[in-house]
Amino acid sequence: MRLIIQENYQSLSEWVACYTVAQIKKANPSPSRPFLLGLPTGSSPLGMYRCLIDLYKKGDVSFKHVVTFNMDEYVGLPEEHPQSYHSFMWNHFFHHIDIPPGNVHILNGNAADPAAECERFEARIKALGGIDLFLGGIGPDGHIAFNEPGSSLASRTRVKTLTTDTLLANSRFFDNDINQVPQTALTVGIGTILDAREVLLMVNGHNKARALAQGVEGPVSQMWTISALQMHRKGIIVCDESACAELKVGTYRYFKDIEKNNLDCNRLLS
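Residues numbered from 1 in each chain as written. Predicted model: local features only at pLDDT ≥ 70, side-chain atom pairs only at ≥ 80, totals over all residues. Heavy atoms only, no water.

## A closer look at the packing of helix α2 (residues 46–57) against helix α3 (residues 85–92)
Now for step 1: Across the interface, α2 lies against α3 with an axial gap of 10 Å and an inter-helix angle of 40 degrees. Relative to α3, α2 is oriented oblique. Contact residues: L46, Y49 and I53 in α2; F88, M89 and H92 in α3.
Now for step 2: For the contact of α2 with α3, the class distribution of residues is five nonpolar, one polar and no charged. (Axes fitted to C-alpha atoms, helices over the stretch in contact; angles between N-to-C directions. Helix = DSSP H or I, 4+ residues; strand = E, 2+ residues; numbered from the N terminus. Parallel < 35°, antiparallel > 145°, perpendicular 65-115°, else oblique. Contact = heavy atoms within 4.5 Å. Nonpolar A, V, L, I, M, F, W, Y, C, P; charged D, E, K, R; others polar.)

## Focus on the packing of aromatic side chains
Now for step 1: Across all of its chains, the model carries twelve aromatic pairs by this definition.
Now for step 2: Seen in terms of ring centroids, Y74 and F174 are 5.8 Å apart; in terms of plane orientation they differ by 80 degrees. Their pairing is edge-to-face. With Y74 in strand β4 (residues 72–74) and F174 in the loop between α5 (164–170) and β8 (184–187), the pair connects residues that are 100 residues apart, well separated along the chain. With respect to class, Y74 is no different from F174; both count as buried.
Now for step 3: The rings of Y49, Y56, F63, W90, F93 and F94 are connected pair by pair, giving a single aromatic cluster. (Phe/Tyr/Trp six-rings, centres within 6.5 Å; stacked < 30°, edge-to-face > 60°. Buried < 20%, exposed > 50% of the residue type's maximum accessible area, 1.4 Å probe, protein only.)

## Considerations on unusual backbone geometry
Now for step 1: One non-glycine residue, A145, lies in the positive phi region at around 55 degrees.
Now for step 2: What makes A145 buried here is its relative accessible area of 10%.

## Considering the packing of helix α1 (residues 9–27) against α2
Now for step 1: In contact at an axis separation of 8 Å, α1 and α2 are set at 50 degrees when each is read in the N-to-C sense. Compared by their axis directions, α1 and α2 come out oblique. Seen from above, α1 lies across α2 with right-handed handedness. In contact with Y9, Q10, S13, E14, V16, A17, C18, T20 and V21 of α1, α2 contributes L46, G47, M48, R50, C51, L52 and L55.
Now for step 2: Here the residues of the contact of α1 with α2 sort into ten nonpolar, four polar and two charged. (Left-handed = near helix turned anticlockwise from the far one by under 90°.)

Structure follows, in structure tokens:
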């Protein structure tokens, strides 16, 4: 596992965006072999999406041959609802780049058969050759997508009942009314994420310090699904200084030392 420690949220976002663009360009995608990119929603990736849009506008990257798969979607929320993840992705990212609409895959939270929708999503990923790079954020309890504490580390895309903690956390997007937050969602599983060739998680803020420490220094455990990244052959966590508050001094210094030449995002594009 790599741990890239950035000074603040802005530099974290820039680094992740530059790394993503570098991997797309390295793959040199084509219509017959597109680059498959897994994408998150929530507050953590907003800065990264803004940076990706800027890089696209500068001509540093095209998304014409990129195929995306989003991590999750609420069940029962209309796609046009302002808090649906369909709306989130189109408003914050897809409308601002040159990705063909047919290349965008977001789980259908209104499918007549949610289980079949989850199987279809997994099958589509497999048919296209698998995710090249899966980006994600985490919650304060270390969950990835909607794989909350206790989720199987071998889980696949499925219907998931959301915990009260998650409902409370997400109520800020629903006028602070927990009763407006959908109680179930469709989500990729930890196993789905770990199948990707690369996984990169963004961790920012002091409120996620304990989760980062558990993910980097703790044992692999279904109670901290971030820890599953320890088992990935090419896992990266990009964090800011605030998120490092609970790391051991030795751990912090170790990663600062071995990654000291890899912190400048501009070098990724050179």
